[in-house]
Amino acid sequence: MKTLAYLSSYKTLKNDFYEEIEKQKANIEDYAFQYNICIDRFFTESFESNDTSKPVLINIIHDYYDSVKTIIAQNPNSISRNSDFRYWILDELKRIGIDIIFLENTGEPVANKNILQKTTEIKSKIKEIPSLPHVVTKVMEVVQDDNSSAFTLSKIIAGDLGLTSKVLKIVNSAVYGFEKQITSIRQAIVVLGFTTIRGIVLSAGIFKIFSPQKNTIFDYEDFWRHCMLTAMASKHLLRLIDSPTHHDIFSIAFLHDLGKIILAQYDYDNYLNVYSQIQEQDDYRVKFRIEEEACGINHCEIAYSVLNSWNLPSVFPEVCLYHHTPQLSKDYEFACTLVYIADTIVNYVVKGKLLDTKPFEEDTLSRFNITQENLEDLYTYTTEQVEKVKDITGFFN
């Protein structure tokens with residue numbers, strides 16, 4: 001495993017910038033010599049970078065996560081002087097197993113041992129979460145089998161009358177907007193396809209596992225409404241850019257915030273103590289910090305663990321993990337980006353905010369052929385869908 005060195009300066013004059021970079025490099029070389037460390041490569045952040053834009057550092061995380069053991073930097077401020085951004089980067093490094101060594105420890109608080117202990121405790125609670133219903137697991141297996149037929153799949157679903165009712169209810173809802181009523185599971189499979197039906201079955205099964213609990217301040221209806229709107233918006237955005245990939249984006253997006261309801265039900269006391277505080281925040285980094293301080297893990301991480309434990313296709317846990325930071329996804333950046341955009345625009349609409357495209361990086365939009373007109377169309381579409389999902393529990397009851 002490699003050891004890398006990361007150099008960064010905030011000097012505004014180029015001569016000063018490169019002078020400081022050379023000093024940092026010399027300091028790290030001295031440290032490496034003293035402790036007999038072989039540095040495989042030095043990375044220098046660009047002169048144009050700032051406290052919340054570190055493209056070189058992001059690329060290190062994205063491209064070297066599976067081959068790097070350690071990164072050496074001058075001090076925590078080299079990562080960022082913005083504590084929220086620095087916290088996020090350090091958390092990502094910790095999550096993917098990369099150690100970071102600072103020659104100076106100025107600026108970063110000492111790790112809280114109680115938080116590390118809590119992380120272990122909350123992860124152990126994953127074991128308490130029920131497995132997916134047998135019929136859902138069977139559906140997942142059949143869909144992944146290239147030799148399966150619509151008849152085989154429809155027979156499995158039809159064997160569970162409750163699930164059959166839920167699937168047909170969702171298929172005939174405003175989400176899909178068919179003019180004629182679909183009256184059988186087999187007809188639904190023919191019209192929507194295997195992967196879409198898989199997503200509907202999975203969504204219905206998970207809704208059943210995390211059914212609303214009494215005596216809690218967690219707003220189940222608001223949570224599932226947000227999930228449904230994000231799924232609808234993701235599907236609509238995919239249609240706007242006419243992409244043939246990720247045709248099961250609806251079900252992928254529907255589960256993007258699953259970690260929140262997991263924490264609400266399986267770390268009830270800790271999560272509910274900070275629930276109101278989290279709801280007041282717009283910045284996901286602040287939300288992460290609050291969740292981790294209270295529960296020892298954030299909602300993206302715990303959803304990733306649970307969905308992996310259910311052996312779902314890897315795109316599902318990956319989108320849960322990276323729907324706030326799609327640029328960090330190695331294999332599913334496109335799906336993560338779709339859900340990130342949809343999630344952001346749903347929040348704008350629900351909170352009565354005007355469309356703001358600044359959070360979306362232009363090069364990312366360009367790579368995936370997403371235009372300003374697409375974003376405006378998506379905002380209008382989402383606004384129109386809010387009333388349709390007002391009675392969200394009606395989709396599943």
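The notes below deal with the structure included here. Computed from a predicted structure; not experimentally measured. (Residues numbered from 1 in each chain as written. Predicted model: local features only at pLDDT ≥ 70, side-chain atom pairs only at ≥ 80, totals over all residues. Heavy atoms only, no water.)

### So, a nonpolar patch on the surface
So, point 1. Together, Phe-178, Val-190 and Val-191 give the surface a local cluster of nonpolar side chains, amounting to about 270 Å² of exposed area.
So, point 2. Summarising the element assignment, Val-190 is placed in helix H9 (residues 185-192).
So, point 3. The exposed category is assigned to Val-190, whose relative accessible area is 65%. (Patch = residues over 30% accessible without salt bridge, like charges linked within 9 Å, V, L, I, M, F, W, Y side chains within 5 Å. Areas by Shrake-Rupley, 256 points an atom, 1.4 Å probe, with all protein chains shown as cover. Salt bridge = Lys/Arg side-chain N within 4 Å of Asp/Glu carboxyl O. Helix = DSSP H or I, 4+ residues; strand = E, 2+ residues; numbered from the N terminus. Buried < 20%, exposed > 50% of the residue type's maximum accessible area, 1.4 Å probe, protein only.)

### Side note on the packing of helix H11 (residues 220-240) against helix H13 (residues 258-266)
The description of two packed helices rests on the angle between their axes and on the distance between the axes.
So, point 1. Between H11 and H13, whose axes approach to 10 Å, the crossing angle comes to 160°. On the basis of their axis angle, the class for H11 and H13 is roughly antiparallel. Like other packed secondary-structure pairs, H11 and H13 cross with a definite hand, here left-handed. Of the residues in H13, those touching H11 at Tyr-220, Phe-223 and Trp-224 are Leu-258, Lys-260, Ile-261 and Gln-265.
So, point 2. Each residue belonging to the contact of H11 with H13 can be placed in one class, and the counts come to five nonpolar, one polar and one charged. (Axes fitted to C-alpha atoms, helices over the stretch in contact; angles between N-to-C directions. Parallel < 35°, antiparallel > 145°, perpendicular 65-115°, else oblique. Left-handed = near helix turned anticlockwise from the far one by under 90°. Contact = heavy atoms within 4.5 Å. Nonpolar A, V, L, I, M, F, W, Y, C, P; charged D, E, K, R; others polar.)

### As for unusual backbone geometry
So, point 1. In this structure, Asp-242 is a non-glycine residue whose phi angle is positive, near 55°.
So, point 2. Of note in this structure, Asn-369 is not a glycine but carries a positive phi near 60°.
So, point 3. Inspection of the secondary structure puts Asn-369 in the loop between helix H19 (362-367) and helix H20 (372-385).

### Details of empty space enclosed by the protein
So, point 1. All told, the structure shown has one cavity of 30 Å³ or more when counted by the stated rule.
So, point 2. Of all the secondary structure elements, the ones that give two or more residues to the lining of the largest cavity are helix H4 (83-95) and helix H16 (299-309).
So, point 3. Tallied by class, residues from the lining of the largest cavity come to four nonpolar, two polar and four charged. (1 Å grid on protein atoms, 1.4 Å probe; cavity = no way out; pocket = protein on both sides within 12 Å on 5 of 7 lines; lining within 4 Å. Points joined across faces, edges and corners; volume = space filled by probe spheres on them.)

### Some remarks on H20
So, point 1. Compared with an ideal rise of 1.5 Å per residue, which puts 14 residues at 20 Å, H20 spans 20 Å between its outermost C-alpha atoms and is within 8% of the ideal.
So, point 2. Along its buried surface, H20 packs onto H11, helix H18 (333-350) and H19. (Expected span 1.5 Å × (residues − 1).)

### Details of the sheet that holds strand E3 (residues 68-73)
So, point 1. Read from one edge to the other, the open sheet built from four strands follows the order E2-E1-E3-E4, with strand pairing classed as parallel. What marks the edges here is a single partner per strand, and that holds for strand E2 (41-44) and strand E4 (99-102). Between one strand axis and the next, the sheet turns by 25° as a mean value, whatever way the strands run.
So, point 2. When strand E1 (residues 2-7) meets E3, the two strands line up parallel, connected through five bridges. When the sheet's bridge partners are listed, Thr-3 is paired in E3 with Thr-70. (Pairing = 2+ DSSP bridges.)

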